[in-house]
Amino acid sequence: MNQDHGPDEDAEATRRDAGDAESSRASRGWWDRNADEYQSEHGAFLGDDRFVWGPEGLDEADAALLGPADSLKGRDVLEIGAGAAQCSRWLAAQGARPVALDLSHRQLQHALRIGDDVPLVEADAGALPFRDGSFDLACSAYGAVPFVAEPVNVFREVHRVLRPGGRWVFSVTHPIRWAFPDEPGPEGLSVAASYFDRTPYVEQDETGHAVYVEHHRTIGDRVRDVVAGGFRLVDLVEPEWPEWNSQEWGGWSPLRGNLIPGTAIFVCERIDD
């Protein structure tokens, strides 16, 4: 619904319940099938070693949501839903020790295509294959969180692998966007659905099996999930659309971006046990 894609050929778009297992299977399959097109279309915008939080183009080099760049040196950082590991590569350039994790094998192959300078892990965000207290920081730019049925499970896993006081920063489609059609033009500016309808968006094949799933949470839901996962919300960033960015990205566009938020970035800190 809110990611940059059209339904797979012959897929039916609907709103229905979808649990963790079905959502995970659908996400792995969709990203494996569509990684090539995604990287071809957006690779230039994302760069090989930039840390961009969303379609607005907010750069971590400017935002410093994980902390000042010079404070990242020597830090162990986990990137969840890393795709081709562009963000991890930027972190490594600052002297951090990043690990890039993704559910999609094909996305990680694109990371290897760009370079083999960042450790890559293929795994589900709900079952992180790391020891307790392995990382100082964790981040996710539109990765994993929008696609899981039980985000609190992911947050608890992130909490587990972070060291005391660790920071967890993630970006998702701004929840208000779910009330509007996912269109970049004027048709995307009129409310068409209830903001409070939390029914997942599902694309399914002719047998009824999900091939793409995205889950909606309100802003309040997200805050409660953060707290339930063992974190303190430090900041909620809603990037404004910059003048320099003339690019349309799915439902994101200068027209909509200048009127309603498109991305929400949650800056969280681990509450120590």
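What counts and how
- Per-chain numbering applies: the sequence of each chain, read as written, is numbered from 1 onward.
- At least 70 in pLDDT is required for a residue's local features to be given in this predicted model, at least 80 for side-chain atom pairs to be given and counted, and no such filter applies to totals for whole chains, interfaces and linings, which use all residues.
- Where side-chain values are given, they derive from all heavy atoms of the structure, hydrogens and water being excluded.
- Each residue is assigned to one of three classes by its accessible area relative to the maximum for its type, calculated with a 1.4 Å probe on protein chains only: buried under 20%, partly exposed between the two thresholds, exposed over 50%.
- Comment: elements are numbered from the N terminus, with helices defined as DSSP H or I runs of at least four residues and strands as E runs of at least two.
- Summarising the geometry, the arc corresponds to the directions from the helix axis toward the C-beta atoms.
- Here, two residues are considered to be in contact whenever any of their heavy atoms come within 4.5 Å of each other.
- Two strands make a pair as long as DSSP finds a minimum of two bridges between them.
- Here an angle of 0 to 180 degrees is reported between the N-to-C directions of two axes, which are lines fitted to C-alpha atoms, with helices fitted over the stretch in contact.
- For our purposes a nonpolar core is just a set of buried Ala, Val, Leu, Ile, Met, Phe, Trp, Tyr and Cys residues, chained together by side-chain atoms within 4.5 Å.
- Comment on the angle field: the value is read as roughly parallel under 35 degrees, roughly antiparallel over 145, roughly perpendicular from 65 to 115, and oblique elsewhere.
- In this scheme the handedness of a crossing depends on how the near helix is turned from the far one: anticlockwise by less than a right angle means left-handed, clockwise means right-handed.
- Polarity classes work like this: nonpolar for Ala, Val, Leu, Ile, Met, Phe, Trp, Tyr, Cys and Pro, charged for Asp, Glu, Lys and Arg, and polar for all others, with Gly in that last group.

S.K.: Would you mind showing me how to read helix 4 (residues 105-114) here?
M.R.: What sets the pattern is the α-helix's 3.6 residues per turn: residues three or four places apart point alike. Looking at helix 4, one finds that the buried residues are Gln-107, Leu-108, His-110 and Ala-111. Buried residues along helix 4 cover an arc of 150 degrees about the axis, so they all sit on one side. Exposed and oriented more than 90 degrees from the buried face of helix 4 are Leu-112 and Arg-113. Next to the buried residues of helix 4 lie helix 1 (20-46), helix 3 (86-93), strand 3 (97-102) and strand 4 (120-122).

S.K.: Is there a simple way to explain the sheet that holds strand 8 (residues 210-214) in this structure?
M.R.: Neighbouring strands of a sheet are bound in pairs by backbone hydrogen bonds; such pairs are parallel or else antiparallel. Spatial strand order, 1-7-8: three strands in an open sheet with antiparallel pairing. Looking along the sheet, the strands with just one partner apiece sit at the ends: strand 1 (12-15) and strand 8. This sheet shows a mean twist of 20 degrees between the axes of neighbouring strands, independent of strand direction.

S.K.: Sorry, what's going on with the nonpolar core here?
M.R.: The nonpolar side chains of a soluble globular protein tend to be buried, and buried together. Of all hydrophobic cores here, the largest spans 27 residues; its most connected members are Leu-78, Ile-80, Phe-130, Val-158, Trp-168 and Phe-170. Listing elements by their share of this core, those giving two or more residues are strand 2 (76-80), strand 3, strand 5 (135-141), helix 5 (151-161), strand 6 (162-173) and strand 10 (263-270). Setting aside residues up to four positions removed in sequence, Ile-80 forms contacts with Leu-101, Ala-125, Leu-128, Cys-139, Ser-140, Gly-143, Ala-144, Val-158 and Trp-168. By size, the runner-up hydrophobic cluster in this structure holds 17 residues, among which are Trp-90, Cys-139, Ala-141 and Val-237.

S.K.: Would you mind going over the packing of helix 5 against helix 6 (residues 219-228) with me for this structure?
M.R.: A pair of packed helices is characterised by two quantities: the angle between their axes and the separation of those axes. The geometry of helix 5 relative to helix 6 is characterised by a closest axis approach of 8 Å and an angle of 40 degrees between their N-to-C directions. Between helix 5 and helix 6, the interaxial angle falls into the category oblique. Here helix 5 and helix 6 pass one another in a crossing that is right-handed. Here helix 5 contributes Pro-151, Val-152, Phe-155 and Arg-156 to the contact with helix 6, which in turn contributes Arg-222, Asp-225, Val-226 and Ala-228. Taken together, the residues that form the contact of helix 5 with helix 6 break down as five nonpolar, no polar and three charged.

Without other data, these values stay purely geometric and don't point to any function.
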